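Close look at the chain arrangement
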Amino acid sequence: MIKPDAVENGHIGGILDKITSAGFKIVAMKYTQLSRRDAQAFYAIHKERPFFGELVEFMTRGPIVSAILEKDNAVEDFRALIGATNPADAAEGTIRKLFATSIAENAVHGSDSDENAAIESAFHFAGREIF
Ligand code: ATP
Ligand code: MG
């Protein structure tokens, strides 16, 4: 996902350019907005964390871009491309270093395993929307 902060700040094009330039193929993509229920379900793993309420508010406050990306070693390579959760710790040239503003508003989401990537793909897309 390209998160609401990055959409608000006009970074959709810049982020997609970094992603496709790094060799990822876009196999599904949409411009949409999460409901509270969507965001609570998507980030359910964090529901006991102190920042959960803030995370749901943030992720629902405006539109996002969701996409499924394909590449060899995609999960690991995408997390390297986006950089650390906190942009202050993110390496130079990473998407979060370039486009994020804080640990909460960090521009992009990436799946953390192939298993979760499959679950998250099914959350966002019907089979007929995946190419
Ligand atoms: P994501 O799952 O969105 O790709 P991540 O895997 O790098 O990010 P997680 O630990 O899964 O990081 O946290 C999920 C999201 O919750 C973060 O991307 C950020 O938006 C928010 N978040 C994480 N830690 C904090 C915090 N300490 N304060 C506020 N928000 C936070
Ligand atoms: Mg995560």
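In every chain, residue numbers begin from 1 and rise along the written sequence. Each chain is given a letter, starting from A, and each ligand a number, starting from 1, according to the order in which they appear as written. For this predicted model, a pLDDT threshold of at least 70 governs which residues receive local features, and a threshold of 80 or more governs which side-chain atom pairs are given and counted, while totals over whole chains, interfaces and linings are taken from all residues. Just so you know, side-chain values use all the structure's heavy atoms and leave hydrogens and water out.

**Quick look at the overall build of the protein**
Helix and strand assignments come from DSSP, with helices taken as H or I runs of at least 4 residues and strands as E runs of at least 2, each series counted from the N terminus. Secondary structure summary: the protein contains 7 helices and 2 strands in total. Compactness check: the protein gives a C-alpha radius of gyration of 14 Å against a globular reference of 14 Å for 131 residues, within 12% of the reference. Dimensions of the protein along its principal axes, counting C-alpha atoms only, are 35 × 35 × 25 Å. Each residue is assigned to one of three classes by its accessible area relative to the maximum for its type, calculated with a 1.4 Å probe on protein chains only: buried under 20%, partly exposed between the two thresholds, exposed over 50%. Among the 131 residues that make up the protein, the fraction classed as buried is 39%. Residue contacts are defined here by distance: any two heavy atoms, one from each residue, within 4.5 Å place the two residues in contact. Of all intrachain contacts in the protein linking residues separated by at least 6 positions in sequence, the fraction that spans at least 24 positions is 70%. If you sum the accessible surface of the protein, you get close to 7200 Å²; carbon and sulfur atoms cover 52% of it. For the protein, the distance from the average position of its 14 positive side-chain charges to the average position of its 19 negative side-chain charges is 3 Å. Just to be clear, the radius of gyration here is over C-alpha atoms, and the globule rule we use is 2.2 Å times residues to the power 0.38. Reported accessibility uses the Shrake-Rupley method at a 1.4 Å probe radius. Residues are deemed covered only where the shown protein chains occlude them. Lys and Arg are tallied as positive, Asp and Glu as negative. Neither His nor the chain termini are counted. Charge positions are represented by NZ for Lys, CZ for Arg, CG for Asp and CD for Glu.

**Some details on the site of ligand 1**
Throughout, the term near means that a residue has one or more heavy atoms lying within 4 Å of the molecule or strand in question. Taken together, 14 residues lie around ligand 1, and K3, Y43, R79, T85 and N106 are the ones closest in. A distance of 2.8 Å separates an oxygen atom of ligand 1 from a polar atom in the side chain of K3. Any N or O atom pair separated by 3.5 Å or less is treated as a polar contact, with the protein-specific requirement of one donor-capable and one acceptor-capable atom, and with residues adjacent in sequence counted only for side-chain atom pairs. Backbone polar atom of G110 to an oxygen atom of ligand 1: 3.0 Å apart, as the coordinates give it. Protein chains bury 82% of the 580 Å² of accessible surface belonging to ligand 1 in isolation. Most atoms of ligand 1, that is more than half of them, are within 2 Å of grid points of the largest pocket. Residues that form the shell around ligand 1 fall into these classes: 5 nonpolar, 5 polar and 4 charged. For cavity detection a 1 Å grid was placed over the protein atoms alone, and a set of points counts as a cavity when a 1.4 Å probe fits there but cannot get out; an open set counts as a pocket when protein lies on both sides within 12 Å along at least five of seven lines, with lining residues being those that have an atom within 4 Å of a point. Criterion for pocket placement: a molecule counts as inside a cavity or pocket if more than half of its atoms are within 2 Å of its grid points. Amino acids outside the nonpolar list (Ala, Val, Leu, Ile, Met, Phe, Trp, Tyr, Cys, Pro) and the charged list (Asp, Glu, Lys, Arg) are all regarded as polar, and Gly is one of them.

**Concerning the pattern of salt bridges**
We define a salt bridge as a contact between a side-chain nitrogen of Lys or Arg and a carboxyl oxygen of Asp or Glu at a distance within 4 Å. Summed over all chains, the structure comprises 6 salt bridges. Between R36 and E57 there is a salt bridge; the shortest N-O distance is 2.7 Å. You can see R36 sitting in helix 3 (residues 36-42) and its partner E57 sitting in helix 4 (residues 52-60), a full 21 residues away along the chain. Judged by relative accessible area, E57 falls into the partly exposed class, the value being 46%. Between D77 and K71 there is a salt bridge whose closest N-O contact spans 2.5 Å. Look at D77 and you get partly exposed, because its relative accessible area is 25%. K71 sits in the partly exposed class, given a relative accessible area of 30%.

**Details of the environment of D72**
Looking at the secondary structure, you find D72 in the loop between strand 2 (64-70) and helix 5 (74-82). Given the relative accessible area of 68%, D72 is considered exposed. Along the backbone, D72 and I19 are 53 residues apart, and their C-alpha atoms lie at a distance of 14 Å.

**Details of unusual backbone geometry**
At N73, a position not held by glycine, the phi torsion is positive, near 55 degrees. Residue classification places N73 among the partly exposed residues on the basis of a relative accessible area of 45%. Here A107, not a glycine, exhibits a phi torsion of approximately 75 degrees, which is positive. Looking at where A107 falls in the secondary structure, it is placed in the loop between helix 6 (95-99) and helix 7 (114-124).

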